[in-house]
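Architecture at a glance
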Amino acid sequence: MPNDTLILKPGCIEGLNQQIVNEMHASLQYLAIASYFDDEGLPELAGHFSRQSEEERQHALKFVKYLHDAGTRPVFKGIPDVRNDFSSATDAVQCALDGEIKVTNQINDLVGLSHRENDYMTHTFLQWFVTEQLEEVSTVTTLLQVIKHAGPSLLLVEDFIRRMPTETEGADA
Ligand SMILES: [Fe+2]
Ligand SMILES: [Fe+2]
């Protein structure tokens, strides 16, 4: 689409493109956490973080689709390195929580940018992510608390995850 018919503000386009990378980075970080738990012989924790990884990829694809729908071809950049080494289950899940807090701030910054640029279409599109971040931060915070309560008995955490409602039973992904 030629520039004079662009319905998105240039600053927002840059921010939306960056968020594709941020979500893919989160996806890769979750895959690294899933691999850590797989290696530790904890299949439920591995499965949980593997599903989270897939969910983050779907988030990236939502940004891709939005840009296309608004007549702008996304520009893909490289994904920064992720952490692969963790000293404990607590350390790995703390890394997940830190990541979700970071993404929450990124989404908030993007909402602020869209507001400053009077890009209310993008502002509305981002509301789904605002709500999603509350759920993600809440879920990983609870998991971190459960891991701390369980101490060395990580099989209790495996059982906790097995009883967790899946995305299809709870809110939409
Ligand atoms: Fe996400
Ligand atoms: Fe997330």
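For the structure, check the block above.
Residues numbered from 1 in each chain as written. Chains lettered and ligands numbered in written order. Predicted model: local features only at pLDDT ≥ 70, side-chain atom pairs only at ≥ 80, totals over all residues. Heavy atoms only, no water.

1. What to know about the side chain of Asp91
To keep it simple, the criterion reads: Here a strand is any run of E in DSSP of at least two residues, a helix any run of H or I of at least four, and the numbering for each starts at the N terminus. Contact between two residues is taken to exist if any of their heavy atoms lie within 4.5 Å; hydrogens are not considered.
As for its position among the elements, Asp91 is in helix H3 (residues 89–116). Setting aside anything within four residues of it in sequence, one finds Asp91 in contact with Arg83, Asp85 and Phe86.

2. As for the coordination of the iron ion (ligand 2)
Counted only if it meets this: Only nitrogen, oxygen and sulfur atoms count as donors, using a 2.8 Å cut-off from the metal that widens to 3.2 Å for Na, K and Ca. Water is left out, so coordination shells may look unfilled. Geometry is assigned from donor-metal-donor angles: four donors are tetrahedral when every angle falls between 85 and 135 degrees, four are square planar and six octahedral when opposite donors sit over 155 degrees apart with all other angles between 65 and 115, and any other arrangement is irregular.
Looking at the iron ion (ligand 2), the protein donor atoms are Glu56 (OE), Glu100 (OE), Glu100 (OE) and Glu136 (OE), and they sit 1.9 to 2.6 Å from it. Around the iron ion (ligand 2) sit four donor atoms; with metal-centred angles ranging over 53 to 142°, the donor geometry is irregular. If you list the donors of the iron ion (ligand 2) from N- to C-terminus, the spacing comes out as E-x43-E-x35-E. A separation of 3.5 Å is found between the iron ion (ligand 2) and the iron ion (ligand 1), which share Glu56 as a coordinating residue.

3. Let's talk about the environment of Leu143
Within the element layout of this structure, Leu143 appears in helix H4 (residues 120–150). Taking the C-alpha atoms as reference, Leu143 lies 8.2 Å from Val157; in sequence the two are 14 residues apart. Ignoring sequence-local partners within four residues, the contact set of Leu143 consists of Leu45, His48, Phe49, Val93, Val157, Phe160 and Ile161.

Worth remembering: the numbers are spatial, not functional.
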